[in-house]
Amino acid sequence: MSVTVRIPTILRTYTGGNAEVSGEGATLRDVLAKLDSDYPGIGARILDESGKIRRFVNVYVGEEDVRFASGLDTPAPEGTQISIIPAVAGG
């Protein structure tokens, strides 16, 4: 199943500067595993050492925040856009 993954500026060094890349998988977990396979190292910037989404990274499948859905097991239907959005801090 093919999806589009939107890559934030801070992670584009892993994707050769691409703001969007294609991904594959039935769930977000599958898509992120394929993404890390295609772009080594990017997965560690999204997931922590225990394999969970990092605290300051928000991930959306379509318009749905996966933290309020099924997390990494959120389905990723073909044609869906997945957005990875790092939290921004400021004062």
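Keep in mind it's a predicted model, so treat the numbers as computed, not measured.

Parameters and conventions
Residues numbered from 1 in each chain as written. Predicted model: local features only at pLDDT ≥ 70, side-chain atom pairs only at ≥ 80, totals over all residues. Heavy atoms only, no water. Salt bridge = Lys/Arg side-chain N within 4 Å of Asp/Glu carboxyl O. Buried < 20%, exposed > 50% of the residue type's maximum accessible area, 1.4 Å probe, protein only. Helix = DSSP H or I, 4+ residues; strand = E, 2+ residues; numbered from the N terminus. Contact = heavy atoms within 4.5 Å. Pairing = 2+ DSSP bridges. Core = buried A, V, L, I, M, F, W, Y, C linked by side-chain atoms within 4.5 Å.

Engineer: Teacher, can you tell me more about the pattern of salt bridges here?
Structural biologist: Two side chains of opposite charge can pair, provided their charged atoms sit close to one another. By the definition in use, this model includes 4 salt bridges. Close ionic contact of Glu-49 with Arg-54 constitutes a salt bridge, the shortest N to O distance being 3.7 Å. Classification of Arg-54 by relative accessible area gives partly exposed; the value is 28%.

Engineer: Sorry if this is basic, but what is going on with the environment of Glu-64 here?
Structural biologist: Its place among the elements puts Glu-64 in strand 4 (residues 64–65). In this structure Glu-64 comes out as partly exposed when scored by relative accessible area, which is 42%. In sequence terms Glu-64 and Ala-76 are 12 residues apart; their C-alpha atoms lie 11 Å from each other. Once residues within four sequence positions are removed from consideration, Glu-64 is found in contact with Val-59 and Ala-69.

Engineer: I'm lost on the pairing of strand 5 (residues 81–86) in this one. Help?
Structural biologist: Across a regular strand the side chains alternate sides, sitting on one face of the sheet and then on the other. Here strand 1 (residues 2–6) runs beside strand 5; their pairing, made up of 3 bridges, is parallel. For Thr-4, the partnering residue across the bridge sits in strand 5 and is Gln-81. With 5 bridges connecting them, strand 3 (residues 57–61) and strand 5 associate as antiparallel partners. Looking across to strand 5, one finds that Val-61 is bridged to Ile-82.

Engineer: What is the right way to look at the sheet that holds strand 4 in this model?
Structural biologist: Backbone hydrogen bonds hold the strands of a sheet together, and the pairing may be parallel or antiparallel. The strand order across the open sheet formed by 5 strands is 2-1-5-3-4, and the pairing between neighbours is mixed. Two strands bound the open sheet, and with one partner strand each, they are strand 2 (20–24) and strand 4. Inspection of the sheet shows strand 3 paired to strand 4 by 2 bridges, in the antiparallel sense. Note that in strand 4 the partner of Val-61 across the bridge is Glu-64.

Engineer: Would you explain the pairing of strand 2 in this entry?
Structural biologist: Of the two faces of strand 2, only the one carrying Val-21 and Gly-23 is buried; Glu-20, Ser-22 and Glu-24 on the other face are not. As paired elements, strand 1 and strand 2 share 5 bridges and run antiparallel to each other. Paired with Thr-4 across the bridge in strand 2 is Ser-22.

Engineer: What is the right way to read the nonpolar core from this model?
Structural biologist: Inside soluble globular proteins, nonpolar side chains tend to come together where they are buried. Core analysis: the biggest nonpolar cluster contains 20 residues, and Val-5, Ile-7, Leu-28, Leu-35, Ile-46, Ile-82 and Ile-84 have the highest contact counts within it. Taken together, the elements giving at least two residues each to this core come down to strand 1, helix 1 (28–38), helix 2 (42–46), strand 3 and strand 5. Of the residues forming this core, the biggest block, 4 residues, is contributed by helix 1. What Val-5 contacts, discounting residues up to four positions off in sequence, is Ala-19, Glu-20, Val-21, Gly-23, Val-31, Leu-35, Ile-82 and Ile-84.

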